[in-house]
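Coordinate inspection notes
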Amino acid sequence: MSAPPKSESLRDAYGQTLVELGEADPNLVVLDADLSGSTRTVLFGQKFPDRFFNVGVMEPTMMTIASGLALGGRTVFASTFAVFAAGQAYNAVRQSVCYNHANVKIVATHGGLLVGGDGGTHQIVEDIGLMRGLPGMTVIVPADAPTTRAATRAVAAREGPAYVRLTRENLPVVTDGAFEVGKAAELRSGSDLTIVAVGALLARGLEVAEDLAKVGLSVRVLDFASVKPFDEPALLRAARETGAILVLEEHSVLTGVGALVASATSENYPVPVRRVGVPDVFGESGDPWALLDRYGMSKERVRNEAWELLRLRGKVQ
Amino acid sequence: MGEEGSAELIASLQARAREIRPEIIRMIYAAGGGHPGGSLSVTDLVTALLFHEMRGDPADYRRPDRDRLVLSKGHAAPALYAALAVRGVLPREELLTLRKLGSRLQGHVDRNKLPFVEASTGCLGQGIGMAVGMALDARLAHRANRVYALLGDGECQAGLTWEALMAGGHYRLSNLLVILDRNGLETDGATEAIMGIEPIADKFRAFRYHTLEIDGHDFGQILAAFAEARRFTDGPSAIVARTVKGKGVSFMEGQHSWHGKAPSKAEAEKALAELGVPGEVPPR
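Keep in mind the model is a prediction, meaning the values are calculated, not measured.

It is worth spelling out the pairing of strand 2 (residues 29–32) of chain A at this point. Residues and elements named next belong to chain A. Side chains Val29 and Leu31 project from strand 2 onto one buried face, and the interleaved Val30 and Asp32 project onto a second face that is buried too. In terms of strand pairing, strand 2 meets strand 4 (residues 76–81) through four bridges, oriented parallel. Looking at the pairing, leucine 31 lines up with alanine 78 of strand 4. For strand 2 and strand 3 (residues 52–54), the ladder comprises three bridges, and the chain directions are parallel.

Another aspect to go through is the nonpolar core. A:Ala66, B:Tyr81, B:Ala149, B:Val178, B:Ile179 and B:Ile239 are the most contacted members of the largest nonpolar core, which totals 199 residues. If you tally residues by element for this core, the top one is helix 1 (residues 7–31) of chain B, at 10 residues. Residue assignment places this core across two domains, with domain 1 (7–172) and domain 2 (185–312) of chain A each supplying three or more. Excluding anything up to four places from it in sequence, B:Tyr81 contacts B:Met27, B:Leu90, B:Leu95, B:Leu98 and B:Leu105.

On to the interface of chain B and chain A. Taken residue by residue, the interface counts 20 residues in chain B and 20 residues in chain A. Of all the secondary structure elements, the ones that give two or more residues to the side of chain B that touches chain A are helix 4 (127–140) and helix 5 (159–170) of chain B. Sorting elements by how many residues they give to the side of chain B that touches chain A places helix 4 of chain B first, with eight residues.

A few words now on the sheet that holds strand 14 (residues 273–278) of chain A. All names here are of chain A. Strand order in the open sheet formed by five strands is 9-11-10-13-14, with mixed pairing between adjacent strands. Here the strands that pair on one side only, and so sit at the sheet edges, are strand 9 (185–188) and strand 14. Strand-to-strand twist in this sheet, taken as the mean axis angle between neighbours without regard to direction, amounts to 25°. In this sheet, strand 14 lies alongside strand 13 (residues 245–252) in parallel orientation, the contact comprising five bridges. Note that in strand 14 the partner of valine 247 across the bridge is arginine 275.

Residues and elements named next belong to chain A. One can read the domain layout of chain A as domain 1 (7–172) and domain 2 (185–312). For domain 1 versus domain 2, the distance between C-alpha centres works out to 25 Å. In this assembly, 27 residues from domain 1 lie in contact with 27 residues from domain 2. For the side of domain 1 that touches domain 2, the elements supplying multiple residues, two or more each, are helix 7 (127–132), strand 6 (138–140), helix 8 (145–157) and strand 8 (171–172). Grouping the constituent residues of the side of domain 1 that touches domain 2 by class yields 13 nonpolar, 10 polar and four charged.

Procedures and definitions
Residues numbered from 1 in each chain as written. Chains lettered and ligands numbered in written order. Predicted model: local features only at pLDDT ≥ 70, side-chain atom pairs only at ≥ 80, totals over all residues. Buried ≥ 20, exposed ≤ 12 C-beta atoms within 10 Å, placed from the backbone. Helix = DSSP H or I, 4+ residues; strand = E, 2+ residues; numbered from the N terminus. Pairing = 2+ DSSP bridges. Core = buried A, V, L, I, M, F, W, Y, C linked by C-beta atoms within 7 Å. Domains from an automatic or database assignment. Contact = placed C-beta atoms within 7 Å. Axes fitted to C-alpha atoms, helices over the stretch in contact; angles between N-to-C directions. Nonpolar A, V, L, I, M, F, W, Y, C, P; charged D, E, K, R; others polar.

So this is what it looks like as structure tokens:
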């Protein structure tokens, strides 16, 4: 029911990295829409007030202004909560950022149910689907602070639009931050089953893999932080070598990473795929971690789905 | 406002506009679709911008200090394409590729296909924000260039327009000039009958714009307003340019039904005759 220990803030990692990037690149500018304390862009704003624009509650126009700044040759970061960045501002992101191929990096905090008390209005579970459907968009979903730092640097260095989805809650450090756009990171090797996970559920996937190892089952775990472009070779290798894939994401199963994995495998190397994520419903207020359990992403559910796939594979009775 | 344009300059701009309007009719006829009404209403404004006001050769679209035009009403694309062709930047024959597969001349302007376009627009309410971003960029870089945003009046019903206008006023962007093509009509009818935007000049003023009201087909007034906006350095300026939708073609003037449809062959021939260039229409 509570977050595992040794957790770090992804948002702080983002804000601190922005300051470092701003020191190195005098052309980098940052925009926020009245949530700079929460997104942590305030750290950049305090250091570089001339290059920080808090535009207030106008998220779509934050994206159009960001585009105009980027077309002059700048690297532009724009931050707000995910529900506003991907939801409220969708068509501005589509036309002004993506259609223009503007060099705008949207770093959206508060993705998914882990928003908690603010409730279903603010818990967007559709953003990965919306953003990965946009031509030219890079989509990254870090699982911890080290990957957040690396992803922030990676999208800054990469020309073109990007969407980085961060989680409000602190998350356990599970990676070494060796993130690369387009690459899946194999955090655990295995041959009986592969768990593909993004964001907050990666830690849960690793726990379940660890538990299953104790009973002699070998579960591979891939951090799929780079959702677009995604590492198709690593995914298909996992399909061939482990014969089944379990996808974990704090996102709607209709349009998220599970849908991506299911389509990529069924077209290229069909294996059983199961998706753990948010069913086709809105969230509600509650303790963030209790919400994950309530909406079908409990550790028990992950274990049961893994067991079912292992049974299909003939690895367990 | 003083007298800015000499009689000679005004006559030359009128001559350019007389070349541009028939091209708009030809290309929309050839395309079998497009937006003649709003293209004809902005023609004189676009002519004054491209042939006089804006600094920098439009062909030299990579120069950082060039002035920038954002056509927020991206459906007026034919007016911009025709003006660029008359300016010698686009081959005239390319105009007939409007809206055709593989053309650089998209139905709404596209900077990635046609490099003389500063911002891809189309869905309304977004170009003004991009112009605000460009003006902020110029200020940060200590560049002297100006940014022009050409808005439609239907677009003034969009919340995004006012968000962006608010930002331009807040940041006191004296290098930004917003020009409203106030032709009074949108797709379904009169703006004031559908969702009234008046008193529009007062609204711009309330959003901290130095606001001028002119006849958008009178080059003397257009040039004077541009010059006055250039002289005003205490924040952004706005020009409410009263125009006639379909200007120059009698049966299109003031008719909202000509917002977004192509003329028939007979209509195109009649329009070209009225515009002073009777003759064959291009194939379609």
